[in-house]
Amino acid sequence: MATMATTTHFGLFNGIFRRCPYNGDPNTIQHSAISVVRTPIGSIVAQRRSKNKSYRQSYRSCLGAASKLGHTPGWTARRLNTSRRTKSHNITEKVNPEDLALLVKTEWQLSYVTPLYQFRHTQLRSYSRQLSAFITAEKQQGLAVEVEGAQTSFRVSFSVVQGLGETDDDAETVLVQIHSKPVFAGKDEAQKLVWSGWLTCINGNPEYLHSLPKDFTCLPLFGSRGAENLTSLVKSWFQQTFDCCFGPLEINQTCLQWLAALWTNCHIESSIQHLKMIWTLPVEPPLQITYTVNPQDAWELWNSVRTPSLESREEEETARSIDIEEVTRFMQGLMSHFYRHFRLDLSAGRLSQVSSALGSAKFSGRVKMSNSRYVLTTLSLLTECALLKMPI
């Protein structure tokens, strides 16, 4: 298919509109628009086999209140918070460097997890042995659990990631790692990390956490990286052992807009380098828009929609709080600018991906945190998403 491109100039703005094959499918066309210089200011329904179901009633009472934010498809009547505080956190002194290196700059597939029944942080060594034996037993039954060739054995380790908790109500983050050695590896060759995952709760809803029976531990956000068959086995073991259930955690458009605003708000402290958004429009042929904004332009637009303006020290504390109306005005400003130059209404489509130097997030539930100072800010939002997605 021939490639067609046209270039247009609008004062300080240079736009590129190009046509090319979409995802390798000759029947699909991709259009991409990129702001490269100056931007003017302007489900799975899971039923848990619970021994105590009172957490469901408490969840309804704690998170069922109405807010200014509109309904989100598939989330019933529950909604995200309409405001949140944001600041950088220097966690390098509190979190083990090896654990932090694993969390940061790695793309994770997210899921939600219902409360774990009789989970104990003091029993992690026992859980390591149990999960290792479970994987070995599944392998002996002929199930496909090999990773990158035949494996001799799997070694599992559970550990606590100290220093991530924001409040006393948050349960300590748990890290799970699976190591293995190929059959033909040398005798002295060390086992390699073939799978990793974590369960966390950062700034979880306090009313809901307090309402849980004492035998339940809430670690609603689950991230995994590695072979899908190992992920399935780990989830299966957790479900059988702690009477919980897992479900996919998509990062919907509202959450992606929040992340775009939160990351842009951090630009002065840590340059975002770019703000890149991918939109999917429901037309024929399918239309995908890539929209990249200069970091300083994104910051100036964000600063212009903030209430109040950042002019005095007295307002510094207020500046750390972001409201949904500010996020909405920020996104409307970006979409209006795009419409003026390309006559495409992005609000008719769906925001499916956001990325900057601080991280990236996709609608499919894949997230990467690239700067340790903003790990807690990102995980707080994702914890809220996981709590809202859990079945009640």
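Relevant structure appears above.
The shown structure was predicted, so the numbers you read here are calculated from the model rather than taken from an experiment. (Residues numbered from 1 in each chain as written. Predicted model: local features only at pLDDT ≥ 70, side-chain atom pairs only at ≥ 80, totals over all residues. Heavy atoms only, no water.)

A few points about the overall build of the protein
- Secondary structure summary: the protein contains 10 helices and 18 strands in total.
- Sorting the 392 residues of the protein into buried and exposed places 53% on the buried side.
- Here the protein displays about 18400 Å² of accessible surface, and carbon together with sulfur accounts for 49% of that area. (Helix = DSSP H or I, 4+ residues; strand = E, 2+ residues; numbered from the N terminus. Buried < 20%, exposed > 50% of the residue type's maximum accessible area, 1.4 Å probe, protein only. Areas by Shrake-Rupley, 256 points an atom, 1.4 Å probe, with all protein chains shown as cover.)

Quick notes on the packing of helix H6 (residues 253-265) against helix H9 (residues 324-342)
- Relative to each other, H6 and H9 sit at 90°, their axes nearing to 10 Å. Between H6 and H9, the crossing angle belongs to the class labelled roughly perpendicular. Contacts from Gln257, Trp258, Ala260, Ala261 and Thr264 in H6 reach Ile324, Val327, Phe330 and Met331 in H9.
- When the residues that make up the contact of H6 with H9 are grouped by side-chain class, the tally is seven nonpolar, two polar and no charged. (Axes fitted to C-alpha atoms, helices over the stretch in contact; angles between N-to-C directions. Parallel < 35°, antiparallel > 145°, perpendicular 65-115°, else oblique. Contact = heavy atoms within 4.5 Å. Nonpolar A, V, L, I, M, F, W, Y, C, P; charged D, E, K, R; others polar.)

Examining the packing of H6 against helix H7 (residues 295-305)
- Relative to each other, H6 and H7 sit at 100°, their axes nearing to 9 Å. Looking at the two axes, H6 sits roughly perpendicular to H7. Between H6 and H7, the contacting residues are Ala261, Thr264 and Asn265 on the first element and Ala298, Trp299 and Trp302 on the second.
- When grouped by side-chain class, the residues that make up the contact of H6 with H7 number four nonpolar, two polar and no charged.

Some points on the pairing of strand S17 (residues 359-362)
- Where strand S16 (residues 350-356) and S17 come together, four bridges link them in antiparallel fashion. Across the sheet, residue Gln353 finds its bridge partner in S17, namely Lys362.
- Between S16 and S17, which pair antiparallel in sequence order, lie two residues.
- Both S17 and strand S18 (residues 366-369) contribute to a ladder of three bridges, which runs antiparallel. Paired with Gly359 across the bridge in S18 is Met369.
- Hairpin geometry of S17 and S18 is characterised by an intervening segment of three residues between the two adjacent antiparallel strands and by a positive phi of about 100° at Gly365. (Pairing = 2+ DSSP bridges.)

Re the environment of Glu384
- Within the element layout of this structure, Glu384 appears in helix H10 (residues 375-389).
- In this structure Glu384 comes out as buried when scored by relative accessible area, which is 13%.
- It is 8.8 Å that separates the C-alpha atoms of Glu384 and Cys201, two residues lying 183 residues apart in sequence.
- When sequence neighbours within four positions are dropped, the list of residues in contact with Glu384 reads Leu80, Asn81 and Arg84.

Observations concerning the nonpolar core
- The biggest cluster of nonpolar side chains holds 104 residues, and the ones touching the most others in it are Phe158, Phe238, Leu275 and Met277.
- When near neighbours in sequence (up to four residues on either side) are disregarded, Leu275 contacts Ala260, Thr264, Tyr291, Thr292, Val293, Ala298, Phe330, Leu334, Val354 and Ser355. (Core = buried A, V, L, I, M, F, W, Y, C linked by side-chain atoms within 4.5 Å.)

Details of H6
- With 13 residues, H6 ought to run about 18 Å at 1.5 Å a step, and its terminal C-alpha atoms sit 18 Å apart, in line with that.
- Within H6, 12 of the 13 residues are buried, leaving the element largely enclosed by the surrounding structure. (Expected span 1.5 Å × (residues − 1).)

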